[in-house]
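For reference, the chains in residue letters:
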Amino acid sequence: MALLTHFLACTFGMGSWVAINGLWVELPLLVTVLPEQWDLPSYITIIIQMANVGPLFITFMHRFRPSLLKEEAVIYVVVSVGVLACLLLAFLWNYTSSIAGAPHSTAFLLLTFFLALVDCTSSVTFLPFMMQLKPQFLNSFFVGEGLSGLIPALIALAQGSGITTCDNTTRLVNVTIGNETVVNTVSQIETHYLPANFSTLVFFLLMTVMMLACLLAFFFLDRQPKEWELSQQQLFPSNIVLSSITQTSSEEGGSQLSRGCPCPKDAKGLRSIVPEQVSYSLAKLTFIYLLIAWVSALTNGVLPSVQSYSCLPYGSTAYHLATTLSSMANPLACIVAMFLPGRSLALLGTLTMLGTGFGAYNMAIAVMSPCPLLQQSQWGDVTIVLSWVLFTGTLSYVKAMAGVILRSCSRNELVWYGAMEQLGSLLGALLMFPLVNIYNLFTSADYCSLQCPA
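The structure displayed is predicted, hence computed values, not measured ones.

Colleague: What is the right way to read the nonpolar core from this model?
Modeller: Among soluble globular proteins, nonpolar side chains are generally buried collectively. Of all hydrophobic cores here, the largest spans 116 residues; its most connected members are Phe12, Leu40, Phe108 and Met130. Apart from residues lying up to four places away in sequence, Phe12 is in contact with Ile75, Phe126, Phe129, Met130, Phe141, Cys214, Ala217, Phe218 and Leu221.

Here it is, written out as structure tokens:
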């Protein structure tokens, strides 16, 4: 039964970000078709942050009307919306319309908002629901959350999305000199996109199936026996009262305790029901929340906005591998967190600085686009792909361990974990959108026609 619950928790976690992660790994194909082209990642990033109205609403409801909002009902609604949005996206993703005289992929961007609303809201609903289950199932949930990036990445690898070749083409051009027209032969290198192994329609239908699996997993998890979630502080005003009650129950055979609530008659039984609570000072909690906000800003807002600019100068293959392998790094980091947990705040701070260093390299390459370092060397391809994988892996480990640490505190800490995650993501996206789309600090180019200095 425990193994089944682990599987259900993993499948449930998989649905938390599978839709948006699916969009990211499909970007190498989408940027070749949709009119936004290289700017599409920044559009997706800002749309995701606009969807933070969902978690903000949930967070304020938890704060001011905690008994009014039923988490189970909210989860049923948001996951059902995700299923419907994925299904519609499969058929409408390439529909465009003119806005302010320019073509835009309106259906894709609108449905992306609803998918982002689902995934952002999951940050403040899925984790608090997992608090009702035993603590060992939380790591399975985080592994599933990582699989929400791994499985779409594997599908994208099988699809071969966005792979290009540089072909030398010859064209005949009519040139008029005086009264004579001369036919000249012009040769140039052009980018040709190889057909994918299966269509975007099939890809988004597979995302729909994964969202359905998440909905079914939640249906069965909701029927699992819930753990008694009250902390010692919620049960009794102080440890002195707890000690006196335990002593009284020993002297009187537990009669007073049994009248108050269905607690065991001895202290050993009480400890077996009440989950062990860990308390952190305000300074340490603040440090953890700042780590979450910073890591989320980098992984969900700042760097995704410029991934196309940092990878495409090295070719579509490098972009394809960077998006898919970095998505695989997320679940691998969660698995490492399961078997090699590191609760030291000094370790998490060090890993955050290391991941930030990899992110800084990726940002520097994006600023140098379309002629970055090692652009004409295979070492450049290897370095940028490896940098993206290590950037995602190290910071994913930090986020997973921060969630495990806060899980040992109380349910409210996990609610604020989700809130700080979305706040950091929002600030990162708001910073990058004008830099990419208004001030045009990043330059795109056709890889096959690049003329960079050696």
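Colleague: Where do I start with the confidence of the model for the protein in this structure?
Modeller: The predicted coordinates ought not to be read in detail in places where the model reports low pLDDT. Here the protein shows a mean pLDDT of 80. Residues at 70 or above account for 84%. Confidence scores differ between elements of the protein, with helix α11 (residues 255–260) showing the lowest mean pLDDT of 34 and helix α16 (residues 345–368) the highest of 96. Within the model, pLDDT remains below 50 along residues 228–275, and this stretch shows 37 contacts once partners closer than five positions in the same chain are excluded.

Colleague: I'm lost on unusual backbone geometry in this one. Help?
Modeller: Glycine aside, negative phi is the norm for most residues, and most peptide bonds take the trans geometry. Of note, the amide linkage connecting Ser369 to Pro370 takes the cis form, showing an omega dihedral of 10°. By the secondary structure assignment, Pro370 is in the loop between α16 and α17 (378–407). The phi angle at Leu374 is positive, at roughly 55°, despite the residue not being glycine. By secondary structure assignment, the location of Leu374 is in the loop between α16 and α17.

Colleague: Would you explain the packing of aromatic side chains in this entry?
Modeller: Aromatic rings considered in pairs are described by the distance between their centres and by the relative angle of their planes. Inspection of the entire model under this criterion finds 13 aromatic pairs. For the ring pair Phe12 and Phe129, a centre distance of 5.8 Å and an interplane angle of 75° mean the geometry is edge-to-face. Of this pair, Phe12 sits in helix α1 (residues 2–14) while Phe129 sits in helix α6 (residues 106–130), and the two are 117 residues apart along the sequence. For the residue pair Phe12 and Phe129, the accessibility class agrees, reading buried in each case. Grouping aromatic residues by their ring pairs yields a cluster made of Phe12, Tyr76, Phe126, Phe129, Phe141 and Phe218. Here the guanidinium or amino end of Arg223 rests over the ring plane of Phe219, the centre of that ring lying 3.9 Å away.

Colleague: Please clarify how the packing of helix α7 (residues 136–159) against α17 should be interpreted in this entry.
Modeller: Packed helices, taken two at a time, are described by their axes: the angle between them and the distance between them. In contact at an axis separation of 11 Å, α7 and α17 are set at 155° when each is read in the N-to-C sense. Between α7 and α17, the crossing angle belongs to the class labelled roughly antiparallel. Judged by the sense of rotation from one axis to the other, the crossing of α7 with α17 is right-handed. In this structure, α7 contributes Leu138, Asn139 and Phe142 to the contact, and α17 contributes Ala400, Gly403, Val404 and Arg407. Within the contact of α7 with α17, the residues separate by chemical class into 4 nonpolar, 2 polar and 1 charged.

Colleague: Can you help me understand the packing of α1 against α7 in this one?
Modeller: Closest axis-to-axis distance for the α1/α7 pair is 6 Å, and the angle between their directions is 45°. By the criterion of interaxial angle, the relationship of α1 to α7 is oblique. Crossing hand, α1 versus α7: right-handed. Listed contacts from α7 to Ala2, Thr5, His6, Ala9, Cys10, Phe12, Gly13 and Met14 of α1 are Gln136, Phe137, Ser140, Phe141, Val143, Gly144, Glu145, Leu147, Ser148 and Ile151. Grouping the constituent residues of the contact of α1 with α7 by class yields 10 nonpolar, 7 polar and 1 charged.

Colleague: Can you help me understand the side chain of Ser387 in this one?
Modeller: Of note, Ser387 is situated in helix α17. Judged by its relative accessible area of 5%, Ser387 falls in the buried class. Apart from residues no more than four positions distant in its own chain, Ser387 is found in contact with Phe358, Tyr361 and Asn362.

Colleague: Looking at this structure, how should I read the pattern of salt bridges?
Modeller: Any two side chains of opposite charge can pair, given that their charged atoms come close. The full count for this structure, using the stated rule, is 1 salt bridge. Between Glu421 and Lys399 there is a salt bridge; the shortest N-O distance is 3.1 Å. Here Glu421, found in helix α18 (residues 411–437), pairs with Lys399, found in helix α17; they are 22 residues apart in sequence, far enough to count as distant.

Colleague: What should I look at first to understand a nonpolar patch on the surface in this one?
Modeller: A contiguous nonpolar patch, built from Leu84, Leu87, Leu88, Phe91, Leu92, Tyr95, Leu201, Val202 and Leu206 and spanning about 780 Å² of accessible area, is present on the exposed surface. Contributions of two or more residues to the nonpolar patch are made by α5 (71–92) and α8 (200–221). With 5 residues, α5 is the largest single contributor of residues to the nonpolar patch.

What counts and how
Residues numbered from 1 in each chain as written. Predicted model: local features only at pLDDT ≥ 70, side-chain atom pairs only at ≥ 80, totals over all residues. Heavy atoms only, no water. Core = buried A, V, L, I, M, F, W, Y, C linked by side-chain atoms within 4.5 Å. Buried < 20%, exposed > 50% of the residue type's maximum accessible area, 1.4 Å probe, protein only. Contact = heavy atoms within 4.5 Å. pLDDT = per-residue confidence, 0-100. Helix = DSSP H or I, 4+ residues; strand = E, 2+ residues; numbered from the N terminus. Phe/Tyr/Trp six-rings, centres within 6.5 Å; stacked < 30°, edge-to-face > 60°. Lys NZ or Arg CZ within 6 Å of the ring centre and 35° of its normal. Axes fitted to C-alpha atoms, helices over the stretch in contact; angles between N-to-C directions. Parallel < 35°, antiparallel > 145°, perpendicular 65-115°, else oblique. Left-handed = near helix turned anticlockwise from the far one by under 90°. Nonpolar A, V, L, I, M, F, W, Y, C, P; charged D, E, K, R; others polar. Salt bridge = Lys/Arg side-chain N within 4 Å of Asp/Glu carboxyl O. Patch = residues over 30% accessible without salt bridge, like charges linked within 9 Å, V, L, I, M, F, W, Y side chains within 5 Å. Areas by Shrake-Rupley, 256 points an atom, 1.4 Å probe, with all protein chains shown as cover.

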